[in-house]
Amino acid sequence: MAKNIFENELESANQVSIYVLTGGPVAGKSSLELPLLETLLCRNYDVVWIKESATEIITSGVKPFNGITTPLNFQKILFKMQYFKEELYRTMERVSDRKLIIICDRGLCDAKAYMTDEEWKTILKEEGITDLEILARYRAIIHMVTAANGAEEAFEKKRAENPARSKDETRDVAIALDEKIKEAYLGHGEIYYVGNETDFEGKKQKALRVFLSCLGEPVPSQHQEKIVVKKPSEEYLLQKKAQKRSIVQIYLKSNGKEERRIRMMGDGNSFVYYLTRKGVGNYSDYQEKSISKDVYDALMLEMDTERKPIVKTRWYFSENDTYYNMDVYPNWKNYAVIEIRGSKENVNIELPSGIEEVRNVTDDIRFSNYAFSKYFLSEEEVNKLV
C-alpha cells in the first residue's frame, strides 16, 4: 500500500483533491453536507461525498465491543474500508474534465482518537504506510468544534434527545474527544477549526468560506434575495454552464413546533435523498442531512396529506462573483424564482444579465416552498401582486 503513495498523491493533486470534514460529537457536520454540495456544484466542480465508514460498519452489525471482533480489529477494518473508498474514487476512470473534490466525513486519522499510540503504529506497519503519507493525501482538514465547547445549550439538547448519548457522552467527554481528533491531524499544513463563536448558521457559513478559500474561490455572502423573474430559456441556462437538478420536496406531518420535509434530488443519472428539520430558530433546531432511499421511502408514510409535494427543477450558476439558485416550477409557464447571493455590503444586488424581474418576494412568505405546498399562487395571482 505504501508504494508510490506519496508520489501518486502529488501527481493527482491538480485534478483530484481530498478534503476531510471532521470534528467532535454534535459539531454540525451532517447539517453542512447539503449546503456544501450545492455550493460546490454551483461552481462546476465534480463532488464525491464519502460517508462515515465507522457508521457503515456499526450499522452492518460489527461493533467495537459486541463480541464479534476485538476493538483493535474493528479499527483495522475501519482503516481498510476508509482507505479503499478514498482510493476507489480518487483513481476511478472519469469522463469529466472538471476538478474532482472528494470530501470525507472523517478521514483515516480520526481512528487515532480511539486507540493507543502503539495500536495505531501496529495498523500503520501492517498496512505499510506512514503518518506523513496519510496526511499528504489530504488537501485540507476542516474541523468543526463540538457544540460542547461554546454552544453548551445546543449540546445538552442533542444529548437529551438521544438517550444513548446522554448516559456516557458528557460535555467533558465530548470536549476531550474533540481535542484528541484535533491532535490526530497535527502535522498537516492546512488545518482549519470552525468554532461556536456565532449561532449555527454563522458556523455553517464560516465552514463554507473555509472550503471555498481552499479552492481559491470567492467566498459566498450571507445576503440573499428572492425574486420572481421571467423564466429564461434552457438554452440561456446552458450557455451559463448552469447545473441542473430535479427536486421533489415532500412535507411531513409535524407537531407544530417544527417543519419537517424530505427531498429527492437527481441529476439525470442518480438520486440523493435528504431530510430537513426546521424549528424555532436556535442553534440546534435546524438540521439537514442525507438519508438512504429506504429511509426516504419509509418517511413517505408520514407525508402531510394536507400539503402537496413540491416538484421543481433547480439551476445553479454564477455571474460576476454573484451566485444564483433558480427554481422552475411546472405550475408556471412564464415565471421562475431566483435566489441571489452577493456581497452583503452591496445593496444593489443585480439579476443575471438577460433575466427580467417580475417581483421581489424576499420578505413575502406566500412565496416560500412551505406556503406553496399548501397553496400555489397562479401566474394570474402573481400578476395582480406586481
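Structural data are supplied above this passage.
What you see is a predicted model, and the numbers here were worked out from it, not measured in a lab.

A. Seen up close, the packing of aromatic side chains. Counted by the stated rule, this structure contains twelve aromatic pairs. Residues Tyr329 and Phe376 carry aromatic rings whose centres are separated by 5.2 Å and whose planes lie at 65° to one another, so their mutual orientation is edge-to-face. With a gap of 47 residues between them, Tyr329 in the loop between β12 (322–328) and β13 (335–342) and Phe376 in the loop between α13 (369–372) and α14 (379–385) connect regions that are remote in the sequence. Per residue, the accessibility class of Tyr329 equals that of Phe376, and both read buried. Consider the rings of Trp332 and Tyr335, whose centres lie 6.1 Å apart with planes at 85°: the pair is edge-to-face. Across the pair, Tyr335 and Trp332 agree in class, each one buried.

B. Molecular detail of the environment of Tyr45. Looking at the element boundaries, Tyr45 is found in the loop between α2 (29–42) and β2 (46–50). Since its relative accessible area comes to 10%, Tyr45 is described here as buried. When the C-alpha positions of Tyr45 and Arg98 are compared, they lie 5.8 Å apart, and in sequence the two are 53 residues distant. Apart from residues no more than four positions distant in its own chain, Tyr45 is found in contact with Leu40, Arg98, Lys99, Ile101, Leu215 and Glu217.

C. Geometry of the packing of α2 against helix α10 (residues 200–214). Running from N to C, α2 and α10 cross one another at 40°; their axes reach a closest spacing of 10 Å. Overall, the two elements α2 and α10 adopt an arrangement that is oblique. Viewed along their axes, α2 and α10 form a crossing whose handedness is right-handed. Contact residues: α2 offers Ser31, Leu32, Pro35, Leu36, Thr39 and Leu40, while α10 offers Phe200, Lys204, Ala207, Leu208, Phe211 and Leu212. Taken together, the residues of the contact of α2 with α10 sort by class into nine nonpolar, two polar and one charged.

D. Structural detail: helix α4 (residues 71–90). Helix length check: α4, at 20 residues, gives a terminal C-alpha distance of 29 Å against a target of 28 Å (1.5 Å per residue), a fit within 8%. Regarding α4, the residues found buried are Phe74, Gln75, Lys76, Leu78, Phe79, Gln82, Tyr83, Lys85, Glu86, Glu87 and Arg90.

E. Layout of the pairing of strand β4 (residues 140–144). Within β4, five of the five residues are buried, leaving the element largely enclosed by the surrounding structure. Burial of β4 is two-sided: the residues Ala140, Ile142 and Met144 facing one way and the residues Ile141 and His143 facing the other way are all buried. One ladder, built from four bridges, connects β4 with strand β5 (residues 191–194); its direction is parallel. Counted as the bridge partner of Met144 is Val194 from β5.

F. How the structure looks around the environment of Arg307. Structurally, Arg307 is set in the loop between α12 (293–299) and β11 (310–319). Arg307 gets classed as buried once you look at its relative accessible area, which sits at 14%. Separated by 65 residues in the primary sequence, Arg307 and Phe372 have C-alpha atoms spaced 8.6 Å apart. Setting aside residues up to four positions removed in sequence, Arg307 forms contacts with Tyr251, Tyr370, Ser373 and Lys374.

G. Geometry of the packing of α4 against helix α5 (residues 117–127). Packing of α4 against α5 leaves a shortest axis separation of 11 Å and a crossing angle of 45°. Between α4 and α5, the angle is such that the two are oblique. Between α4 and α5 lies a crossing whose hand is right-handed. Mapping the contact onto sequence places Leu72, Gln75, Lys76, Phe79 and Lys80 in α4 and Glu119, Trp120, Ile123, Leu124, Glu126 and Glu127 in α5. Tallied by class, residues from the contact of α4 with α5 come to five nonpolar, one polar and five charged.

H. Representation of the pattern of salt bridges in the model. Taken as a whole, this structure holds 32 salt bridges when the rule is applied. Among the ionic pairs, Lys112 bridges to Asp131, the shortest N-O distance being 3.6 Å. Placement of Lys112 in the loop between β3 (100–105) and α5 and of Asp131 in helix α6 (residues 131–136) is noted, with a sequence separation of 19 residues between them. Residue classification places Lys112 among the partly exposed residues on the basis of a relative accessible area of 24%. Of the residues examined, Asp131 reaches a relative accessible area of 29% and is grouped as partly exposed. Salt bridges sharing common partners tie together Lys29, Glu52, Asp105, Arg106 and Asp110.

I. Structural context of empty space enclosed by the protein. According to the stated counting rule, one finds two cavities of 30 Å³ or more in the structure shown. Approximately 30 Å³ is the volume found for the second largest cavity. Across the lining of the second largest cavity, the residue classes tally to three nonpolar, one polar and five charged.

J. Spotlight on the sheet that holds β5. Pairing is parallel in the open sheet, where five strands are placed in the order β2-β3-β1-β4-β5. Strands with a single pairing partner mark the edges of an open sheet, and in this sheet they are β2 and β5. In this sheet, adjacent strand axes meet at a mean angle of 20° when their direction is disregarded. This element, α4, spans β1 (16–23), β2 and β3 of the sheet and lies at about 170° to β3. Sitting on the sheet, α10 touches β1, β3, β4 and β5, and the angle it makes with β5 is about 165°.

Cut-offs applied
- Residues numbered from 1 in each chain as written.
- Predicted model: local features only at pLDDT ≥ 70, side-chain atom pairs only at ≥ 80, totals over all residues.
- Heavy atoms only, no water.
- Phe/Tyr/Trp six-rings, centres within 6.5 Å; stacked < 30°, edge-to-face > 60°.
- Helix = DSSP H or I, 4+ residues; strand = E, 2+ residues; numbered from the N terminus.
- Buried < 20%, exposed > 50% of the residue type's maximum accessible area, 1.4 Å probe, protein only.
- Contact = heavy atoms within 4.5 Å.
- Axes fitted to C-alpha atoms, helices over the stretch in contact; angles between N-to-C directions.
- Parallel < 35°, antiparallel > 145°, perpendicular 65-115°, else oblique.
- Left-handed = near helix turned anticlockwise from the far one by under 90°.
- Nonpolar A, V, L, I, M, F, W, Y, C, P; charged D, E, K, R; others polar.
- Expected span 1.5 Å × (residues − 1).
- Pairing = 2+ DSSP bridges.
- Salt bridge = Lys/Arg side-chain N within 4 Å of Asp/Glu carboxyl O.
- 1 Å grid on protein atoms, 1.4 Å probe; cavity = no way out; pocket = protein on both sides within 12 Å on 5 of 7 lines; lining within 4 Å.
- Points joined across faces, edges and corners; volume = space filled by probe spheres on them.

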